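Here are the chains, one letter per residue:
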Amino acid sequence: MTDTLTSWGGWAPAIRDDPSGHFAQARARCPVQRVRLADGHPAWVVLGYDAARQALGDPRISKDMLAALAADGEVVAEGLPGPEFSRHMLNVDPPDHTRLRRLVSRAFVPGRIAALEPAIRAMASGLLDELSAGGPDAIVDLIEGYAYPLPFGVIGELLGIPAADRPRLHGWFRVLLTGWAGDPPAAAVEASDGIVAYLGELVEAKRQSPADDLVSVLVAASEGDALTTQELMSSLFQLVVAGHDTTASLIGNGVVALLDHPGQLQALLADPSQLPAAIDELIRFTAPVPHATFRVTAEPVTLDGVQIPAHEQVLVCLGSANRDPGRFPAPDVLDIGRGDGPNLGFGHGIHYCLGAPLARLEARVAFEELLSRYPGLRLAAARDALAWARGDGLVLRGLLSLPVVLGPDLRRGLPSGPGSSRP
């Protein structure tokens, strides 16, 4: 199996929209396989849970993309905005990773995350008010009107991006994070250039007038030689992407999964205390992040009996690992009461997602607000018309749109106040 190159990524819509069966077939053949990616680069894909967990935590598997490109310019596609924006904590090893993560973690301390809940709830409620303006029978796009603007607004607040600038920046990221084959289209290049220019302007504005936000913290660190300009710009770009796209996909994918499984949706409506566990199960089941970000072997590494040579790209398939029947009984069943322990949706090891508590909070509030007001929510399009074409086809997986009818608003006419919007 391992000496045969097979294609991975760039799938036809049927696999793209529901890759779990394809992952299962590949995993059954061999949990670690040599493949050729859609961009033409060779890689190794890790499909089994145990092998994936080892790969995510193995220090012999490097995250340093720039060092890998310097050693072999063909190991990975540079992508947009390019290598100069790749010096962030997801693309470096210790000690640089430790230093960068420590700086960014100041914005993610538990007390600061918890303090964001009222603002997140107000954003979610306001977005739903706008969506419901057309009445209970109107067809609305839950992605465009709710799942994406909510986390983008939150990361905007955390970073200190002025509210007036967010629609323009959001539009650029929307173009940039829509997948393509081959060379990037002109629209993606234009969007990338716009993002790069804007982030430079934002940094300069915070340098002139610092505030209580993460951009100001990072700018101060760059002035004190704790952070290079490249690391500063790379970190800002990575934080915007990781801070909104993955959570937006979790919300959209999760809504579809619950509508696909009405028994689970009814169980959640009957007992909203299950929501935190349900979110973890939705992460496992719906794969908003099907693959971990770039890794390369710094020396030969053996995973599940398969030796991967040095200087080879390693792609950890989280979506497959989280459906491994050797780790999760009945893995293709959505079960919000599942008690099988943690999954790998947020990664593992020193690169475990720093924003996981914020993502869980945003998802919890998003589902609380949505389901408490619109428990009769239903699809307004054929199920097979939904397209998971947002993202790069590997690391990111989200819906282009989600047409729904919200139905009657159960909160309409009720008094507002703390806790009134909870299911």
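Up top is the structure.
All figures in this text were calculated on a predicted structure; none of them were measured in a lab.

Draft legend 1. Highlighting the pairing of strand β3 (residues 42-46). Here β3 lies mainly inside the structure; 4 of its 5 residues are buried. For strand β2 (residues 32-37) and β3, the ladder comprises 5 bridges, and the chain directions are antiparallel. Residue R34 lies in a different strand from β3, and its bridge partner there is W44. Alignment of β3 against strand β9 (residues 314-316), held across 3 bridges, turns out to be parallel. From the neighbouring strand, V45 faces β9, where its bridge partner is L315.

Draft legend 2. A look at the packing of aromatic side chains. In total, this model carries 6 aromatic pairs according to the counting rule given. Between Y49 and F328, the aromatic rings sit 5.8 Å apart at their centres with planes inclined by 85 degrees, giving edge-to-face as the arrangement. Remark: F328 occurs in the loop between α16 (318-321) and α17 (356-373) and Y49 occurs in helix α3 (residues 49-57); sequence separation between them is 279 residues. Here Y49 and F328 have matching classes, each one buried. Positioned above the aromatic ring of Y49, the side-chain terminus of R327 is 5.1 Å from the ring centre.

Draft legend 3. Spotlight on the sheet that holds β2. Read across the sheet, 4 strands follow the order β1-β2-β3-β9 without closing on themselves; strand pairing throughout is mixed. The open sheet has two edge strands, β1 (6-8) and β9, and neither has a second partner. Within this sheet the neighbouring strands show an average axis-to-axis angle of 50 degrees, counted without direction. Strands in contact with α3 are β2, β3 and β9; relative to β9, the strand with the most contacts, it is inclined by about 120 degrees.

Draft legend 4. Quick peek at the packing of helix α13 (residues 229-260) against α17. Packing of α13 against α17 leaves a shortest axis separation of 10 Å and a crossing angle of 40 degrees. Relative to α17, α13 is oriented oblique. Crossing of α13 against α17: the hand is right-handed. Counted together, G243, T247, L250, I251, G254, V255 and L258 of α13 and A359, E362, A363, A366, F367 and L370 of α17 form the full contact between these two elements. The residue makeup of the contact of α13 with α17, split by class, is 9 nonpolar, 3 polar and 1 charged.

Scoring rules and cut-offs
- Residues numbered from 1 in each chain as written.
- Predicted model: local features only at pLDDT ≥ 70, side-chain atom pairs only at ≥ 80, totals over all residues.
- Heavy atoms only, no water.
- Buried < 20%, exposed > 50% of the residue type's maximum accessible area, 1.4 Å probe, protein only.
- Helix = DSSP H or I, 4+ residues; strand = E, 2+ residues; numbered from the N terminus.
- Pairing = 2+ DSSP bridges.
- Phe/Tyr/Trp six-rings, centres within 6.5 Å; stacked < 30°, edge-to-face > 60°.
- Lys NZ or Arg CZ within 6 Å of the ring centre and 35° of its normal.
- Axes fitted to C-alpha atoms, helices over the stretch in contact; angles between N-to-C directions.
- Contact = heavy atoms within 4.5 Å.
- Parallel < 35°, antiparallel > 145°, perpendicular 65-115°, else oblique.
- Left-handed = near helix turned anticlockwise from the far one by under 90°.
- Nonpolar A, V, L, I, M, F, W, Y, C, P; charged D, E, K, R; others polar.

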